[in-house]
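# Residue-level structure breakdown
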Protein chains: 2
Amino acid sequence: MIKVALIGRGNVSFHLEKILRTTEEVDVTVYDSRKKQNSNKLQSFDICLIAVSDGAIKQVSEKLKGSDSIIAHTSGSVSINELPSDCHRGVFYPLQTFSKSKEVDFSEIPICIEADNDKNLILLSKLGNSISKNVQEVSSAQRKSLHLAAVFANNFTNHLYGIANEICFENNLPFDLIKPLIVETTDKIKNLSPFEAQTGPARRNDLSTVNDHLKLLQDSDHEKIYKLLTQSIQRTYGQKL
Amino acid sequence: MIKVALIGRGNVSFHLEKILRTTEEVDVTVYDSRKKQNSNKLQSFDICLIAVSDGAIKQVSEKLKGSDSIIAHTSGSVSINELPSDCHRGVFYPLQTFSKSKEVDFSEIPICIEADNDKNLILLSKLGNSISKNVQEVSSAQRKSLHLAAVFANNFTNHLYGIANEICFENNLPFDLIKPLIVETTDKIKNLSPFEAQTGPARRNDLSTVNDHLKLLQDSDHEKIYKLLTQSIQRTYGQKL
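Let me begin by describing the structure that accompanies this report. Source: prediction; values computed, not measured.

Here we come to the overall build of chain A. From N to C terminus, chain A includes 8 helices and 7 strands. Each of the three principal axes of chain A carries a C-alpha extent, and together these read 70 × 35 × 30 Å. Sorting the 241 residues of chain A into buried and exposed places 58% on the buried side. In chain A, the share of contacts with a sequence separation of at least 24, taken over all contacts with a separation of at least 6, comes to 54%.

Structure representation (structure tokens):
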């Protein structure tokens, strides 16, 4: 049995708690980082998972100084070195987008782990394997880049869905019309590289359609985004701008 | 039996041919628009589908002037009025991204149809229903906006996957690590609006992470895209820039 203290009440903690409660090898207790709690209590855990906002990790982990538990945060962008040096340090980063209103399948989520020594790495790995098929050792520097890649692949693509949604709404078109296309966009890159999967007016250098689209766009933000991404696609395929 | 002539040898024609050949109610014959062919031959079809590049639609359709068939193009951005006025005009636009090396499930693809009269619309609708569960009447103006929305939802998101892929490659990380996140990004918006589904540093106004990411980006194109999309997300959620 791995005894886990889970600190934080955000989206990551919400989903981690849910999955860890259903995991037989794990006994999880949740703490709110904003409430005062006796840090002695946290001594009896194998792992303290700090699932708080990036800016609060340092402060929360300072309170756990000198603990025998592994102190591991769950952030994509914070280095392991930001944890107090006089404790067992680790990282347990589930690479996924979490919203409270959407269930996730943890078995498919890559869990990126890092630790200050092999013994601690093995225990974090055991915890990871109890909820996911995909546990990977990733250094702090790599994890930072991975998080950056994730921002492009998730945050920014979702924002583009939002713009597509707005354009549909303004033209009395249901956004549902676009959803099969979105599903296929994702399905394609299971077997094709994004480079191979690219289609559209920018890819085939169809400047007449590009200009028509620019005329249609009312919002100056959307126009700038259209121009910049079109130029970036054109450059990727060696087209003259 | 609907007799269909399919003109063109591109990605759309490739996939339309495949599905129409397996459809019992349809008899399809394919023509290459670049080869000379006796346009009298095309007289015996109920529908001539012109699946050629946008710029070639006018020229190809001119050759079919005076035909008794419905002359329908398959483009997202070309108006029905660009077809010759002295023929039965229509549009048969499958809203999807097509690459030859990727199979598609036509039953889920919205087929956007338009015609110059009800009789022609009914026949195009019959053809659409023979391959898809989702046939919609969409005007030329709406179709243009729909195509613009599709560029954001597919072309641009795929390009962002490409950037994520590059960042992974440069840091010796397998792109496969990001794929479950991409699948979830799409899965989320089945039930949440993109507005609700948004997460990430720009959404939570985490400027420290945004600045770290900007420092990490080596490519000036990627840096510009990161900045512009971050600002656009911040505006969407009413954050001060």
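As a further point, take the packing of helix H4 (residues 140–170) of chain A against helix H5 (residues 179–188) of chain B. In the contact formed by H4 of chain A and H5 of chain B, the axes pass within 9 Å of each other and the chain directions differ by 15°. By the angle between their axes, H4 of chain A is roughly parallel relative to H5 of chain B. Once H4 of chain A is placed against H5 of chain B, the crossing between them reads as right-handed. Of the residues in H5 of chain B, those in contact with Ala-150, Ala-153, Asn-154, Thr-157, Asn-158 and Tyr-161 of chain A of H4 of chain A are Leu-181, Ile-182, Thr-185 and Thr-186 of chain B.

This next bit is on the pattern of salt bridges. Residue and element names in this part refer to chain A. This model, assessed by the stated rule, comprises 30 salt bridges over all chains. As a salt-bridge pair, Lys-18 and Glu-103 come within 2.7 Å of each other at their nearest N and O atoms. Placement of Lys-18 in helix H1 (residues 11–21) and of Glu-103 in the loop between strand S5 (88–94) and strand S6 (111–115) is noted, with a sequence separation of 85 residues between them. We classify Glu-103 as exposed; its relative accessible area is 53%. A salt bridge links Lys-179 to Asp-176; its shortest N-O distance comes to 3.2 Å.

Next up on the list: the sheet that holds strand S4 (residues 70–73) of chain A. Residues and elements named next belong to chain A. Within the open sheet, the 7 strands sit side by side as S2-S1-S3-S4-S5-S6-S7. Their pairing is mixed. For this open sheet the edge positions go to strand S2 (26–31) and strand S7 (135–137), each flanked by a neighbour on one side alone. This sheet shows a mean twist of 25° between the axes of neighbouring strands, independent of strand direction. Across 4 bridges, the pairing between strand S1 (residues 2–7) and strand S3 (residues 47–50) is parallel. If you follow Ala-5 over to S3, its bridge partner there is Cys-48. This element, H1, spans S1, S2, S3 and S5 of the sheet and lies at about 150° to S2.

Here we take up the pairing of strand S2 (residues 26–31) of chain B. Residue and element names in this part refer to chain B. Across 6 bridges, the pairing between strand S1 (residues 2–7) and S2 is parallel. Considered in S2, the bridge of Leu-6 is made with Val-30. On the question of chirality, the crossover connecting S1 to the parallel S2 by way of helix H1 (residues 11–21) is right-handed.

Residues and elements named next belong to chain B. Pairing within the open sheet is mixed, and its 7 strands lie in the order S2-S1-S3-S4-S5-S6-S7. In this open sheet, the two edge strands, each paired with only one partner strand, are S2 and strand S7 (135–137). Across the sheet, the axes of successive neighbouring strands diverge by a mean angle of 25°, strand direction being ignored.

Right, let's talk about H1 of chain B for a bit. All of the buried residues in H1 of chain B are Ser-13, His-15, Leu-16, Glu-17, Ile-19 and Leu-20 of chain B. Those residues of H1 of chain B that are buried are in contact with S1, S2, strand S3 (47–50), strand S5 (88–94) and helix H3 (118–129) of chain B.

Residues and elements named next belong to chain A. Tallied over the full model, the rule gives 0 disulfides over all chains. Cysteine Cys-48 shares no disulfide, and the gap to the nearest cysteine sulfur, in Cys-87, comes to 9.2 Å. The exposure class of Cys-48 is buried, given its relative accessible area of 0%.

Our focus in this paragraph is the side chain of Thr-97 of chain A. Positionally, Thr-97 of chain A belongs in the loop between S5 and S6. Given a relative accessible area of 2%, Thr-97 of chain A falls into the buried group. Separated by 2.6 Å, the side chains of Thr-97 of chain A and Lys-188 of chain B make a polar contact. Separated by 3.0 Å, the side chains of Thr-97 of chain A and Thr-199 of chain B make a polar contact. The residues touching Thr-97 of chain A, leaving out its near neighbours within four places in the chain, are Val-104 and Asn-154 of chain A together with Leu-181, Glu-184, Thr-185, Lys-188, Ala-197 and Thr-199 of chain B.

Summed over the entire model, instances satisfying the criterion amount to 12 aromatic pairs over all chains. A centroid spacing of 5.2 Å and a plane angle of 70° characterise the contact between Tyr-226 of chain A and Phe-156 of chain B, whose relative ring orientation is edge-to-face. A residue pair is termed interchain when its members come from two chains, as with Tyr-226 of chain A in helix H8 (residues 220–236) and Phe-156 of chain B in helix H4 (residues 140–170). Residue classification places Tyr-226 of chain A among the buried positions, given a relative accessible area of 1%. Ring centres of Phe-152 of chain B and Phe-156 of chain B lie 5.2 Å apart, and the angle between their planes is 85°; this geometry places the pair in the edge-to-face category. Placement of the pair is Phe-152 of chain B and Phe-156 of chain B together in helix H4, with a separation of 4 residues, close to one helical turn. Judged by relative accessible area, which is 0%, Phe-152 of chain B ranks as buried. An aromatic cluster of at least three residues, connected via ring pairs, comprises Phe-152 and Phe-156 of chain A together with Tyr-226 of chain B.

Okay, the interface of chain B and chain A next. Contact with chain B, which involves 85 residues of that partner, is made by 85 residues of chain A. Between chain B and chain A, the buried area comes to about 8,200 Å², and carbon and sulfur atoms account for 68% of it. Counting across the chain B and chain A interface gives 8 salt bridges. Residue Asp-221 of chain A is joined to Arg-235 of chain B by a salt bridge in which the shortest nitrogen-to-oxygen separation is 2.5 Å. Our enumeration of links across chain B and chain A arrives at 43 residue pairs in polar contact (both at pLDDT 80 or more). Contributing elements (two or more residues each) for the side of chain B that touches chain A: H4, H5, helix H6 (194–197), helix H7 (207–216) and helix H8 (220–236) of chain B. Among the elements that make up the side of chain B that touches chain A, the one with the highest residue count is H4 of chain B (25 residues).

About the cut-offs
- Along each chain, residues carry numbers from 1 onward, in the same order as the chain's sequence is written.
- Key to labels: chains lettered from A, ligands numbered from 1, both in the order written.
- Selection of residues for local features in this predicted model requires a pLDDT of at least 70, selection of side-chain atom pairs for listing and counting requires 80 or more, and totals for whole chains, interfaces and linings are taken over all residues.
- The basis for the side-chain values is all heavy atoms of the structure; hydrogens and waters are excluded.
- Secondary structure follows DSSP: runs of H or I at least 4 residues long count as helices, runs of E at least 2 residues long count as strands, and numbering of each begins at the N terminus.
- Three exposure classes are used, based on accessible area relative to the maximum for each residue type with a 1.4 Å probe and protein chains only: buried under 20%, partly exposed in between, and exposed over 50%.
- Here a residue-residue contact requires only that any non-hydrogen atoms of the pair lie within 4.5 Å.
- To get an axis, fit a line to the C-alpha atoms, keeping to the stretch in contact for a helix; angles then go from 0 to 180 degrees between the N-to-C directions.
- Roughly parallel means an angle under 35 degrees; roughly antiparallel means over 145; roughly perpendicular covers 65 to 115; every other angle is labelled oblique.
- Helix crossings get a hand from a simple test, with the near helix turned counterclockwise from the far one by less than a right angle marking a left-handed crossing and a clockwise turn marking a right-handed one.
- Whenever Lys or Arg places a side-chain nitrogen within 4 Å of a carboxyl oxygen from Asp or Glu, that contact is recorded as a salt bridge.
- One requirement defines pairing of two strands: DSSP has to find at least two bridges between them.
- Orienting the strands away from the viewer, one traces the path from the first strand over the helix to the second; a clockwise path indicates a right-handed crossover.
- Sulfur atoms of two cysteines make up a disulfide when they are within 2.5 Å.
- Pairs of N or O atoms are called polar contacts if they sit within 3.5 Å, as long as, within protein, a hydrogen donor faces a hydrogen acceptor (for residues adjacent in sequence, only side-chain-to-side-chain pairs).
- Only rings of Phe, Tyr and Trp enter the pairing, Trp through its six-membered ring, and a pair is recorded when the two centres are within 6.5 Å. The plane angle decides the type: under 30 degrees is stacked, over 60 is edge-to-face, the rest tilted.
- When two parts are put together, the accessible area they lose, computed with a 1.4 Å probe and summed over both, is reported as buried area.

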